[in-house]
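Residue strings, one per chain:
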Amino acid sequence: MTRPILINAFDMLVPVHQTPGLWRHPESRISEFDQLSYWTDLARTLEEGGFASLFLADIPGIYDVYGGNGDATARGGVQYPLLDPLVVVTAMAQGTENLGFGVTASVSYEQPYLLARTLSTLDHFTDGRVAWNIVTSYQDSAAKNLGMAGQIPHDERYDRADEYMEVMYKLFEGSFGPDAVKADPEANVFVDPEQVRPIEHEGKFFSVPGVALAHPGPQGTPFLFQAGASKRGQRFALDHAEAIFFSGGTPELVRGWTTAVRNELEARGRARDSIKIFSLATVVVAETDELAEQRLEEYKKLVDTEATLALFGGWTGVDLSGADPDSEIEHVTTDANQSALASFTTLSPNKTWTVRDLAEFVAIGGRGPVIVGSPETVADELERWIEEADVDGFNLSAAVRPADLERFSRFVSPELRRRGLLDEPEPGTTLRERIGGNGPGLPGDHRGASFRVGS
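Cut-offs and rules
- Residues numbered from 1 in each chain as written.
- Predicted model: local features only at pLDDT ≥ 70, side-chain atom pairs only at ≥ 80, totals over all residues.
- Heavy atoms only, no water.
- Helix = DSSP H or I, 4+ residues; strand = E, 2+ residues; numbered from the N terminus.
- Rg over C-alpha atoms; globule rule 2.2 N^0.38 Å.
- Buried < 20%, exposed > 50% of the residue type's maximum accessible area, 1.4 Å probe, protein only.
- Contact = heavy atoms within 4.5 Å.
- Areas by Shrake-Rupley, 256 points an atom, 1.4 Å probe, with all protein chains shown as cover.
- Lys, Arg positive; Asp, Glu negative; His and termini not counted.
- Charge placed at Lys NZ, Arg CZ, Asp CG, Glu CD.
- Core = buried A, V, L, I, M, F, W, Y, C linked by side-chain atoms within 4.5 Å.
- pLDDT = per-residue confidence, 0-100.
- 1 Å grid on protein atoms, 1.4 Å probe; cavity = no way out; pocket = protein on both sides within 12 Å on 5 of 7 lines; lining within 4 Å.
- Points joined across faces, edges and corners; volume = space filled by probe spheres on them.
- Nonpolar A, V, L, I, M, F, W, Y, C, P; charged D, E, K, R; others polar.
- Axes fitted to C-alpha atoms, helices over the stretch in contact; angles between N-to-C directions.
- Parallel < 35°, antiparallel > 145°, perpendicular 65-115°, else oblique.
- Phe/Tyr/Trp six-rings, centres within 6.5 Å; stacked < 30°, edge-to-face > 60°.
- Salt bridge = Lys/Arg side-chain N within 4 Å of Asp/Glu carboxyl O.
- Polar contact = N/O pair within 3.5 Å; in protein donor to acceptor, adjacent residues only side chain to side chain.
- Patch = residues over 30% accessible without salt bridge, like charges linked within 9 Å, V, L, I, M, F, W, Y side chains within 5 Å.

Colleague: Give a description of the overall build of the protein that names residues and reports values.
Modeller: If you tally the helices and strands in the protein, you get 15 helices and 13 strands. Computed over C-alpha atoms, the radius of gyration of the protein comes to 22 Å, within 12% of the 23 Å expected from 2.2 N^0.38 for 455 residues, which places it in the range of a compact globule. Along the first, second and third principal axes, the C-alpha atoms of the protein reach 70 × 55 × 45 Å. Counting only residues that meet the buried cut, the protein has 56% of its 455 residues in that class. In the protein, of all internal contacts separated by at least 6 residues, the share reaching a separation of at least 24 is 77%. Carbon and sulfur atoms provide 48% of the accessible area of the protein, an area that totals close to 18200 Å². With 40 positive and 68 negative side-chain charges, the protein shows a separation of 2 Å between the mean positions of the two kinds.

Colleague: Just give me the short version of the nonpolar core, but keep the residues and values in it.
Modeller: Where a protein is soluble and globular, its nonpolar side chains tend to be buried together. With 84 residues, the main nonpolar core has W132 and F394 as its most contacted residues. Here the element with the most residues in this core is helix α6 (residues 154-173); it accounts for nine residues. Those residues in contact with F394, other than ones at most four positions away along the chain, are I5, L6, I7, N8, F278, S279, A281, L382, W385 and I386. With 35 residues, the next largest nonpolar core counts M12, V14, I59 and F223 among its residues.

Colleague: A description of the confidence of the model for the protein should follow, citing residues and the corresponding values.
Modeller: Confidence in the prediction for the protein averages 91 pLDDT; 94% of positions are at 70 or higher. Every residue in residues 331-338 scores below 50 in pLDDT, and together they form 28 contacts with partners more than four places removed in sequence or on other chains.

Colleague: Can you explain the layout of surface pockets? Please cite residues and give values.
Modeller: Empty space within the largest pocket amounts to approximately 270 Å³. Taken together, 18 residues make up the lining of the largest pocket; nearest its centre are F172, F176, G177, P178 and P216. Residue classes in the lining of the largest pocket are distributed as 10 nonpolar, five polar and three charged.

Colleague: Outline the packing of helix α3 (residues 85-94) against helix α4 (residues 112-125), listing residues and values.
Modeller: Taken N-terminus to C-terminus, the directions of α3 and α4 make an angle of 10 degrees; their axes are 10 Å apart at the nearest point. On the basis of the axis angle, α3 is roughly parallel to α4. Taken together, the residues of α4 that come into contact with α3 (itself represented by L86, V89, T90 and A93) are T118, L122 and F125. In terms of residue class, the contact of α3 with α4 is made up of five nonpolar, two polar and no charged.

Colleague: Break down the packing of aromatic side chains for me, with residues and values.
Modeller: Scanning the entire structure with this criterion turns up 13 aromatic pairs. The interplanar angle of 65 degrees and the centroid separation of 5.6 Å between the aromatic rings of F51 and F408 together place this pair among those described as edge-to-face. Placement of F51 in the loop between α1 (36-48) and β2 (53-56) and of F408 in helix α14 (residues 403-418) is noted, with a sequence separation of 357 residues between them. This pair shows no difference in class: F51 is buried, exactly as F408 is. With a centroid separation of 5.4 Å and an interplanar angle of 85 degrees, the aromatic rings of Y164 and F206 are classed as edge-to-face. In this pair, Y164 sits in helix α6 while F206 sits in the loop between β7 (201-202) and β8 (207-208), placing the two residues 42 residues apart along the sequence. F206 gets classed as buried once you look at its relative accessible area, which sits at 6%.

Colleague: Give a description of helix α7 (residues 231-240) that names residues and reports values.
Modeller: Most of α7 is tucked away, with eight of its 10 residues classed as buried. Those residues of α7 that sit buried are R232, G233, Q234, F236, A237, L238, D239 and H240. Packing partners of the buried residues in α7 comprise β4 (130-135), α6, β9 (223-226), β10 (243-246) and α8 (251-267).

Colleague: Could you give me a rundown of the pattern of salt bridges, with the residues and numbers involved?
Modeller: By the definition in use, this model includes 28 salt bridges. A salt bridge links E388 to R384; the shortest N-O distance between them is 2.8 Å. Taken as a pair, E388 and R384 lie in helix α13 (residues 375-389) at a separation of four residues, close to a single helical turn. Accessibility expressed as a relative area gives 34% for E388, which makes it partly exposed. Residue classification places R384 among the partly exposed residues on the basis of a relative accessible area of 31%. For D423, the salt bridge is made with R434, and the minimal N-O distance between the two is 2.5 Å. Pair noted here: D423 is in the loop between α14 and α15 (431-436) and R434 is in helix α15, with a separation of 11 residues, a long-range link. The pair formed by D423 and R434 is uniform in burial state, with each residue classed as buried.

Colleague: Go over the side chain of E415 with me, naming the residues and quoting the values.
Modeller: Structurally, E415 can be placed in helix α14. In this structure the side chain of E415 is engaged in a polar contact, spanning 2.7 Å, whose partner is the side chain of R418. Separated by 2.7 Å, the side chains of E415 and R419 make a polar contact. When residues no more than four places from it in sequence are discounted, the contact partners of E415 are P375, E376 and A379.

Colleague: Would you mind going over a nonpolar patch on the surface in detail, with residue names and values included?
Modeller: Together, V181, F190 and V191 line one region of the surface with nonpolar side chains, adding up to about 260 Å² of accessible area. In this fold, F190 is placed in strand β6 (residues 189-191). Take F190: its relative accessible area is 59%, and that puts it in the exposed class.

Printed below as a string of structure tokens:
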């Protein structure tokens, strides 16, 4: 294997992200999650470790499915309290030179006109190192607190999201001409009005007649991530994403998704690798395999089962409070995160999942694998996943935060560098150039490029 592995850190501005109970570990610093220094320190660590980006998840509501309320969520700190990822990025960018930042923003609840300004601002202030993780959101609690009776039905969310993206492309690519910003004191012209045009969008879901508020950043449209694994979500991702994030417990499961994506890209006349694919993983590393296994056993002793089921309920809309731990999980359809439930049921046909199995699995690492061992063992396993799952890299989640990401940078990154497998950026490159391998703007075969001025 010769191609570099792209590594993102997968985190969230919360006490507990993927591993309920582990905030109690003596090496955890997550009680400082509401201090800016925690995140700027982490950004520097990730840059030193060769990470391509820090991918920040977000949700606009509280997980209140388990037991019919948010009590277990609050007690366990399960993605609650939740700070705003868009606020912290500029500070982290100031302390780094190459690290990218993936920020999550919901097309169901954010207004496109203002979100375009926010993302363009971040693209300017990071020198083109920002990505947008496009989500449609999946929580009834979010919908209700934002003035709706309930969340938009699953497939309709994506229909609406398609039009949302059209508005965003028009704002990012089609409102300002390439030389609109003159800043010419002699001519007394800062912005040439003849190079700024209203987007005049009038659709089923959105009406946006005017010009973009902010001129495009170095990337124009920020680099685009998407994580939909349902059939409708995958179609949306193929239409819009430049990188897709999957969560699956085995290479075989993830390989099915990656093959479907690459086949469809080819059917559309695009290169099979024109969308980069990342898979979730959690790494527990130590100097030797034995010490790493001992560390994992320490982690397991701190697992909070009730908080884990609160996390699962939030993902899937399924309340397992009061369920027999040995009862089988049956597949049901909800308007929440369909791929989360399916990954334990219809997408794992050779395994019968009980409530106990699910709690033990989700408690450390969420829906992805837990890779345990020495630096050499971990590197071997990452290579195996690249080959067998046909992914381009990983979104790494930490069990103990930030210790496990610090340990990856200290132990695994040097081993990957020794093997020539760690992506090393050229100074001054944008995130799109680093991950996509081409220029700073949307590639010509991307749907959004057709909205570019002069196209």
